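Read off the chains here:
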Amino acid sequence: DMDLSTGTGNVELVLPPNLQPAIDVQLAYTVNKEGFCIMSDFPLDLSYTDDWDYSQGSPRKYIRGESAGQSDGQHIRIRNVNGNVKISKD
């Protein structure tokens, strides 16, 4: 299992192409979402919040991605603020 997080900045993760992990990504942004995105070579279902969430101090909106396929037992959790997330196959 893997748990990655960053306060600001980008997350880039390269995985073996035959891996079928359960992926859970949460990208928060405190400014305009233009330019922030989750990119993945693995299928993800993406969702976007419309309202600002004030529960974390600074107001933020979220882009979330969850794996769409079956998991082979590997779990990857990524939390990011004000940066992109890229998950690539090696």
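One can find the structure itself at the top, above this paragraph.
Rules and cut-offs
Residues numbered from 1 in each chain as written. Predicted model: local features only at pLDDT ≥ 70, side-chain atom pairs only at ≥ 80, totals over all residues. Heavy atoms only, no water. Helix = DSSP H or I, 4+ residues; strand = E, 2+ residues; numbered from the N terminus. Buried < 20%, exposed > 50% of the residue type's maximum accessible area, 1.4 Å probe, protein only. Contact = heavy atoms within 4.5 Å. Pairing = 2+ DSSP bridges. Axes fitted to C-alpha atoms, helices over the stretch in contact; angles between N-to-C directions. Core = buried A, V, L, I, M, F, W, Y, C linked by side-chain atoms within 4.5 Å.

### Brief notes about the environment of Val85
Right, on to step 1. Relative to the elements of secondary structure, Val85 occurs in strand 8 (residues 85–89).
Right, on to step 2. On the basis of relative accessible area, Val85 is assigned to the buried category, the value being 0%.
Right, on to step 3. Each C-alpha atom of the pair Val85 and Phe36 lies 8.3 Å from the other, and the pair is 49 residues apart in sequence.
Right, on to step 4. For Val85, the contacting residues outside a window of four places in its chain are Val11, Val25, Leu27, Cys37, Ile38, Met39, Ile78 and Asn80.

### Some remarks on the sheet that holds strand 8
Right, on to step 1. A sheet is described by the order of its strands in space; here three strands give the open sequence 2-8-4, paired in parallel fashion. The two strands at the open ends of the sheet, each matched to only one other strand, are strand 2 (11–15) and strand 4 (38–40). Ignoring strand direction, the axes of neighbouring strands in this sheet form an average angle of 10 degrees.
Right, on to step 2. Bridging between strand 4 and strand 8 involves three bridges; their strand directions are parallel. When the sheet's bridge partners are listed, Ser40 is paired in strand 8 with Ile87.

### Some words on the nonpolar core
Right, on to step 1. Core analysis: the largest hydrophobic core is formed by 17 residues, its most contacted members being Ile78, Val85 and Ile87.
Right, on to step 2. Elements supplying a minimum of two residues to this core: strand 2, strand 3 (22–29), strand 7 (75–81) and strand 8.
Right, on to step 3. In terms of residue count, the dominant contributor to this core is strand 3 (four residues).
Right, on to step 4. What Ile78 contacts, discounting residues up to four positions off in sequence, is Leu4, Val11, Leu13, Asp24, Val25, Gln26, Val85 and Ile87.

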